[in-house]
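These are the residues of each chain, in order.
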Amino acid sequence: MAYEHKEIEKKWRAEWAKRKTYRVENNPSRPKYYVLDMFPYPSGAGLHVGHPLGYIASDIVARFKRHQGFNVLHPMGYDSFGLPAEQYAIQTGQHPAKTTEVNVARYREQLDNIGFSFDWSREVRTSDPSFYKWTQWIFLQLFDSWYDPALDKARPIAELIARFEAQGCTGQDASVLTGDVEEFIGEFSAAEWKSFDERTKQLVLQHFRLAYISDAWVNWCPALGTVLANDEVKDGVSERGGHPVERKRMKQWSLRITAYAQRLLDGLDTLDWSESIKEAQRNWIGRSEGATVRFALTPNPSPRERGTAQPTWAERPGYLTADGTVAGKLQDLARENRKAPTEAEEKLWQQIRAHATGGRIRRQHIIDRYIVDFVSLPKRLVIEVDGSIHEARQEEDAARTARLKELGFDVLRFTNDEVMAELPRVVDTIKATLDARPNVAHSSPSPSEKGSGGEVIEVFTTRPDTLFGVSFITLAPEHELVPILTNADRKAEVEAYVEKAKNRSERERQAEVDKVSGVFTGSYAKHPFTGADVPVWVGDYVLAGYGTGAVMAVPGGDQRDWRFAKHFGLPIIAVTEGADIDKEADERKDATISSEGFLKGMKVPQAITRAIQELEKLGAGEGKVNFRLRDAAFGRQRYWGEPIPIYYKDGIPYPLPESELPLKLPEVDKFLPTAEGEPPLARAKDWSYSPLPGRGAGGEVYPIETTTMPGWAGSSWYFLRYMDPHNPERFASPEALNYWKQIDLYVGGSEHATGHLLYFRFWTKFLHDRGWIDFDEPAKKLVNQGMIQGKSAGLVRVFLHRGNKDLPKDLPYEKAPEVFMGFDLHYLLCQPDHAEYKTARQYVVDYITNFYNVTYPEGKVYPDFSVGRPDLFNKGILIPIECIGEDEETVDILKLKQNNLFSRAEFIEWKGRVVCLRQVDKMSKSRWNVVNPDDIIEKYGADTLRLYEMFLGPLEQSKPWDTNGIEGTFRFLRKFWNLFHGAGDAFGVSDDAPTKPELKILHATLKKVSEDIEKMSFNTSVAQFMIAVNELGSLKCDKRAVLEPLVIALAPFAPHIAEELWQKLGHADSVTGAPWPQWNAEYLVEDSFSYPISFNGKTRLQLEFPIALDPKSIEAAVLANPEVQQRLEGKAPKKVIVVPKRIVNIVV
RNA sequence: GCCCGGGUGGUGAAAUGGUAGACACGAGGGACUUAAAAUCCCUUGGCCGCAAGGCUGUGCGGGUUCGAGUCCCGCCCCGGGCACCA
């Protein structure tokens, strides 16, 4: 009987389903092993041969572990929320749930064809309400948590409230605010906390929650109509689709992943993950150690002192808004006022500062001769709260308002009563007014906006040891102090520069990295150590989003500062010994400090420590760790995602009660944003929540959040759901969580290095902190399978030159079909020196002339033509690979013409054929180079596909798909099958005792395969199986004692054929449950070893000696050998090295 | 620029510091067959040689070692990640 793969595989797929062979129970009495594949997104294109690579590898490990007696959890499911289904829905009106359903069915069918041991009873889908109920629940846990830096873990928000009630909020708590999006809300006492109203309290708490909403800089993608996470943006365009992305400030849900930065970094050391992934995460987290340094600002002499005319406010040094003549007196008064605010002022202040709106709001600020209650300097808006006394002073107030207007301020007035009675309305009015006003200072995304103390420029540096080399300070163009620090005479220049820098796209900025640009503000800051005046510049090499958006420039020690200094002729101070500062900055970290000051002569690390000490002594700075990691944007203006279970009351977000979960996706008429630009969920009818019974009937009704969660929400915790997938009470029971714990082996692509793999670790740590799980890393071991690439095929397009006056006017260009040629012909046309060049060119000219059937004036060569670029990634024309012949390069023109896009095309043959260029490329539907596993399975069977994908090379390595070698693995399976089938193809094995050589082959194979699976070196295990089959074949071995263990060993790789043979061997149960055959070293013992005898390391002959022979005797025997003697030519060897069971080397 | 990988026959690739190229594809030759498929055998890194054999060979240049694809130093090239990150 021949090896009939189709029948066998069909039979066993059905049998496995019937017997529930792969069903896994939670059984704490057995040792567990959890193997997981990264969640696939079920795309419409289906699986290609690259997808199963990792699944096959993990399936082999899962089956192997099962043979070894482990209870193996090996589930599969779908990350079924996502953009493609929604885009498709927008185009076709088809509900994404429906598309997803179809795609999932297709995936399932393809996966089933490959014979995986997935326990499908545990399948999960992120878009299933019974799943996303728990995604929403975890979100609510995040919302209900804050990060306690003292305990270094997340805690319930109730505990923060208790703390506020007991001790208020001290400066130390500021370190909780690690995100980049919110402003520090200031300190408050326990008494103050208690006096806050509900709304204020909620606003304050927003600044601490791990899931919070705020005005944030986001990556807005207009084409996709949504915001993107940092890892979804590459080189300024969206990773999916390549649409431009811009920075935009908008209300946004974020997750405070930054609180976990240090732990995410530290945890990497405990993980058995590939170094490249760990390195990518380290880069992404971007920890840098250094110091914060504060430079006090040096006021410029005022114009008045210089005897010039009364300046307008806008011309002043900005923050100095007071009239110099009365400033001193007013300052005292203002200070007093701040200490004793009226009740209304205090109430409003708490609201305003909690609101984080319109940049920083100052209170009791002096402007000209007046103390105003509140002011936003960047928005030039004054807010006054008038007591009853103002009624008698209306005239005076009018004069005051007029003066403020003259200075460029608008005044918003409220009465005490208004503030007390209608606070929300007052706040909303202020907000609306602020929002409507243009920003004079560009609002800074800097996390360091502290809002207290005197005016300073705060910088972050990793090299405080170079402080004595500071010769200027550079601010990012977006820095909030820029407009304030700009001197009147430089205003136009600075504004122009800022405007230009702001409008330059991220892409441009990256492209023009070597162009130095900047502008002097005219202001100076005080050096904290020397007291020297340091000029303040603006330069776009400083990024607003990192550190404080300002750097202390040390041109002697930092190459970027050096270039800036060189370009603008600023002083360059040598900071280190042996530096050649005329040529470049010295960035060495093992140097000795040479700049004048107390650090001189110290080594860099020592100087860093000392500098920080001194800064702290002066109160001018302190040691600080900075991270590049930003908080994760969590809201998407999209339909097809998990709804965020939040409702709004007075504009404040509140969690939906657990009993309301899952909050199901509502039906909408269209999957597009509303006319007002609201997300699609805003289209839903009755998208609101009423806490009282009788929803909508007399009870209060509150709007529900309209953004949805991003694609990575569900995948951040799905591995836990597989442990207990149908639990209606919890995301998974404690018993299941305690049994399965972490993933033992996680297999997937390295493209998830900084996205999924970081969020998934973050959520795990969070759930651990809140006591839901007792481990804080999700996956112990991670293996990245390489990509299987496609091979694109392309042709060269021929372009007829237009606009040539000599050409006949009636050439039918517009109607002309496209003309293509092969790459062999194109190559000739590019080689004017080639012998065939002229022939080839004339051939093409003749072809085209003939084809268009036109005649030309005598002596002219027409038509004039050019050809496309041969680079497929650029301008080459890709063609479907199905249209290529067996030789892998000749185009099958008839087949190609069946494709609509080419039906009218013409192909210029050369030497009877059209040759396409093949280029290794990403395998994707759009590149027409997809190889479908179903086709391979149809021809060779799933077992062959599985073996072949493993045989291709190391799992981690990327390689182009090539069916060249597949015959080899197919032949191997046939030979394996034939070992069990004697003459006449009848099944038959003998029960004779195996011979020594047979046992040796068997045990050598068992040893190699067992070890290789542990190492995930599958290509070498397949090779070993081939060796075994070849050798047993030549020995004509048909012994059960040899073949039966081999069936078990092969079962993880080729389960269908193994089951069939197992059954034929007389077993009623499945081979998957058979215990793994142990190899026995006894059978591998050799009696003798054939020693390579080398002279000076070059092997010359082989001599066989018994294993037991000691090195001394071997040496004697080798030297006694006539051939060796002959080679020695009578000379005595200098040295003889005998390595037992390895080699003999004679040194002459 | 920085940080990870990697570079071995015509191809995919093996190789605890110890006989480089296992295994497989492809190619060439042969057997069986009317023929094809299937199967089996031989050859297959390069160069020289009828042969025995010799020389050479793991991106390049050095080094360590009795012995280096493997370890060290300096380059080149390819793939991936990060990037005016202070």
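Residues numbered from 1 in each chain as written. Chains lettered and ligands numbered in written order. Predicted model: local features only at pLDDT ≥ 70, side-chain atom pairs only at ≥ 80, totals over all residues. Heavy atoms only, no water.

## A word on the pattern of salt bridges
Turning to step 1, where the next piece is worked out: Taken as a whole, this structure holds 52 salt bridges when the rule is applied.
Turning to step 2, where the next piece is worked out: With its nearest N and O atoms 3.2 Å apart, the salt bridge here joins E275 to R282.
Turning to step 3, where the next piece is worked out: Judged by relative accessible area, which is 48%, E275 ranks as partly exposed.
Turning to step 4, where the next piece is worked out: In this structure, the salt-bridge partner of E493 is R490, at a minimum N-O distance of 3.1 Å.
Turning to step 5, where the next piece is worked out: Residue E493 is classed as partly exposed on the basis of its relative accessible area of 43%. (Salt bridge = Lys/Arg side-chain N within 4 Å of Asp/Glu carboxyl O. Buried < 20%, exposed > 50% of the residue type's maximum accessible area, 1.4 Å probe, protein only.)

## As for the sheet that holds strand β2 (residues 71-73)
Turning to step 1, where the next piece is worked out: Spatially, β2-β1-β26-β27 is the arrangement adopted by the 4 strands of the open sheet, whose pairing is parallel. A strand with exactly one partner marks an edge of an open sheet, and here the two such strands are β2 and β27 (782-784). The sheet shows a mean angle of 20° between the axes of neighbouring strands, taken without regard to direction.
Turning to step 2, where the next piece is worked out: Together, β1 (32-37), β2 and β26 (745-748) form the strand contacts of helix α2 (residues 52-67), whose direction differs from that of β1 by roughly 170°. (Pairing = 2+ DSSP bridges. Helix = DSSP H or I, 4+ residues; strand = E, 2+ residues; numbered from the N terminus. Axes fitted to C-alpha atoms, helices over the stretch in contact; angles between N-to-C directions. Contact = heavy atoms within 4.5 Å.)

## Details of a nonpolar patch on the surface
Turning to step 1, where the next piece is worked out: Judged by side-chain polarity, I1137, V1139 and I1143 come together as a nonpolar surface patch covering roughly 180 Å² of accessible area.
Turning to step 2, where the next piece is worked out: The topology assignment puts I1143 in strand β38 (residues 1143-1147). (Patch = residues over 30% accessible without salt bridge, like charges linked within 9 Å, V, L, I, M, F, W, Y side chains within 5 Å. Areas by Shrake-Rupley, 256 points an atom, 1.4 Å probe, with all protein chains shown as cover.)

## What about the protein's contact with RNA strand B?
Turning to step 1, where the next piece is worked out: Among the 53 residues in the neighbourhood of RNA strand B, the closest are listed as T462, R560, L952, R971 and R1142.
Turning to step 2, where the next piece is worked out: Each atom of RNA strand B within 4 Å of the protein was assigned to sugar, phosphate or base; sugar and phosphate come to 61%.
Turning to step 3, where the next piece is worked out: Between RNA strand B and Y541, the relevant distance is 3.0 Å, taken from a sugar or linking oxygen to a main-chain nitrogen or oxygen of the residue.
Turning to step 4, where the next piece is worked out: The separation between a base nitrogen of RNA strand B and a polar main-chain atom of Y546 is 2.8 Å.
Turning to step 5, where the next piece is worked out: Per-element accounting of the surface near RNA strand B gives the leading share, 6 residues, to helix α32 (residues 1018-1034).
Turning to step 6, where the next piece is worked out: Of the residues assigned to the surface near RNA strand B, the class counts are 20 nonpolar, 16 polar and 17 charged. (Near = heavy atom within 4 Å. Polar contact = N/O pair within 3.5 Å; in protein donor to acceptor, adjacent residues only side chain to side chain. Nonpolar A, V, L, I, M, F, W, Y, C, P; charged D, E, K, R; others polar.)

## Details of the nonpolar core
Turning to step 1, where the next piece is worked out: Residues F1018 and F1053 are the most contacted members of the largest nonpolar core, which totals 98 residues.
Turning to step 2, where the next piece is worked out: The element that contributes the greatest number of residues to this core is α2, accounting for 8 residues.
Turning to step 3, where the next piece is worked out: In this structure, F143, A154, I285 and I743 belong to the second largest nonpolar core, which totals 72 residues. (Core = buried A, V, L, I, M, F, W, Y, C linked by side-chain atoms within 4.5 Å.)

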